[in-house]
Every structure is written in structure tokens, then in C-alpha cells.
Amino acid sequence: MRLIFVVAMFRKAIVPLVLFISCITAFFTDLSGQANFEVEAGILGAGNRQPLEIWEKQVETDVSLGMYARLGYSYFLNPSKIQPVILVGYKFLHVEGRAENWWYSGISHRVSLDLGCRYWPLKDWGVGTLFHIENNLDFEEWRTSTNDLLRYAWSGCVLYRVSKDFKILTSYRSAVYPRFNQYFLYNPQHQVLLGLNYRLL
């Protein structure tokens, strides 16, 4: 069932993915550069800036902790120091919070697609921005809901090249749509990632 869910999600994201790959092919084919396949993994923390008002109650959400992993393809353009990138990933978060007379906890699972670009102004330092798409609802709810199935977010990152193949990165991500409080219970709006990136090829 999870495989069916993943296929359904990426069918909805196939148009921006095809457009992104087409742009890379059209504009960068004749430029010198290097294609890279990469894997990335790390920890993440997530939270909301203020209590959430749900069902006329103030809900305090604790800081959520989890882990993530991503596979990616990038193309480093030598003259411009620009690096378009596509990443496919998975994350899980342990979440909990409380209101006046009830509390909740659980683990949320998300599959994601990132499209974006990195820029390396210095030899070992880079910055980047990514457009992020992930499932807004857990796997079980995907089959019974038709609204707000996907979440869209922007993220910015800073990378440091430790060696030829290894990079350390930190990233901040904020959801831009949908922004209803009930969705932030199990997947907070603001998220910070700290990870290690390894160039496979």
C-alpha cells in the first residue's frame, strides 16, 4: 500500500520534475560541468513558533525530533559555480503536544521531492535554495482524503565541503501551503536539518 501511495504522490509532482529536467537539458547541455549522484542523511528538529488554536483550544506543541535521508542528482557548472539539484527523500518525526485536558503523541512519515539550485561563491562554501514537495497527510489518511494531499515549502541551506566527496550542511525549511493549524500538529511548520552529504559518482 505504501508503494501505491508513493507512486500516486509523484504522479502529482511529475510536471514540475519534467520541467526542471528539461530546463537543465536545454540551457546547460553545452556548458562544461560534472554530473553527480549523491546520498544525504541527518537529523532534523521541527517546531511551531506559537501555540496552535484548534477546536477553540490552545495546543502547545513540543519540539519534534527525527531523521531524514535523500538521494539526489546534481550538475555542477564550472564557469558559473551553479549546481542544479534534484532530491528524493524520506523523513520521520516524533511529535507530541498538549492542551488543557488532553495530549497527543505519534510518529509522522513523509516522502519528498526537492527541486532547486546551489551556488558555490567560495571553493568550500556553498548556499542553496530548494522548492520542497511532500505528502501533507500520513499514509493511512491518503486513501480517505481528497484535500490538501501535498505540502509545499521553501528551504535554504548552507554547505561546507569537508573533502572531495563529503559535505556538511544545515538547512531551514518553512511550509508555505497549506498552512492550517491542524496540519502542524504532526508536521510542524518550521524545520531545521543537519546532515552529511556524500557524492557517490
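See the structure above.
## Some thoughts on the overall build of the chain
A tally of regular secondary structure across the chain gives 3 helices and 10 strands. Its helices and strands in sequence order give the chain the pattern α-α-β-β-β-β-β-β-β-α-β-β-β, from N to C terminus. Taking all 201 residues of the chain together, the buried fraction comes to 45%. For the chain, the proportion of contacts with a sequence separation of at least 24, taken over those separated by at least 6, is 65%.

## Some remarks on the nonpolar core
Formed by 19 residues in total, the largest nonpolar core has its most connected members in L52, V59 and L185. Mapped by element, the contributors of at least two residues to this core are β1 (33–47), β2 (52–54), β4 (64–77), β5 (82–98), β8 (150–161) and β9 (166–177). In contact with L185, other than residues within four places in its own chain, are L52, I54, V59, T61, V95 and Y104.

## Some thoughts on unusual backbone geometry
The step from Y177 to P178 runs through a cis peptide bond, and the omega angle for that step is -10°. Here P178 lies in the loop between β9 and β10 (190–199). One non-glycine residue, K81, lies in positive phi territory at about 65°. Looking at the element boundaries, K81 is found in the loop between β4 and β5.

## Overview of the environment of S171
Checked against the element boundaries, S171 lands in strand β9. C-alpha separation for the pair S171 and L44, spaced 127 residues apart in sequence, amounts to 9.2 Å. Non-local contacts of S171, meaning those with residues more than four positions away in its chain, are made with S155, G156, C157, Q191, V192 and L193.

## Concerning the side chain of T61
Topologically, T61 is positioned in strand β3 (residues 57–61). Separated by 3.1 Å, the side chains of T61 and N48 make a polar contact. Not counting the four nearest positions on each side in its chain, T61 is found in contact with N48, L52, E96, G97, Y104 and L185.

Scoring rules and cut-offs
Residues numbered from 1 in each chain as written. Predicted model: local features only at pLDDT ≥ 70, side-chain atom pairs only at ≥ 80, totals over all residues. Heavy atoms only, no water. Helix = DSSP H or I, 4+ residues; strand = E, 2+ residues; numbered from the N terminus. Buried < 20%, exposed > 50% of the residue type's maximum accessible area, 1.4 Å probe, protein only. Contact = heavy atoms within 4.5 Å. Core = buried A, V, L, I, M, F, W, Y, C linked by side-chain atoms within 4.5 Å. Polar contact = N/O pair within 3.5 Å; in protein donor to acceptor, adjacent residues only side chain to side chain.

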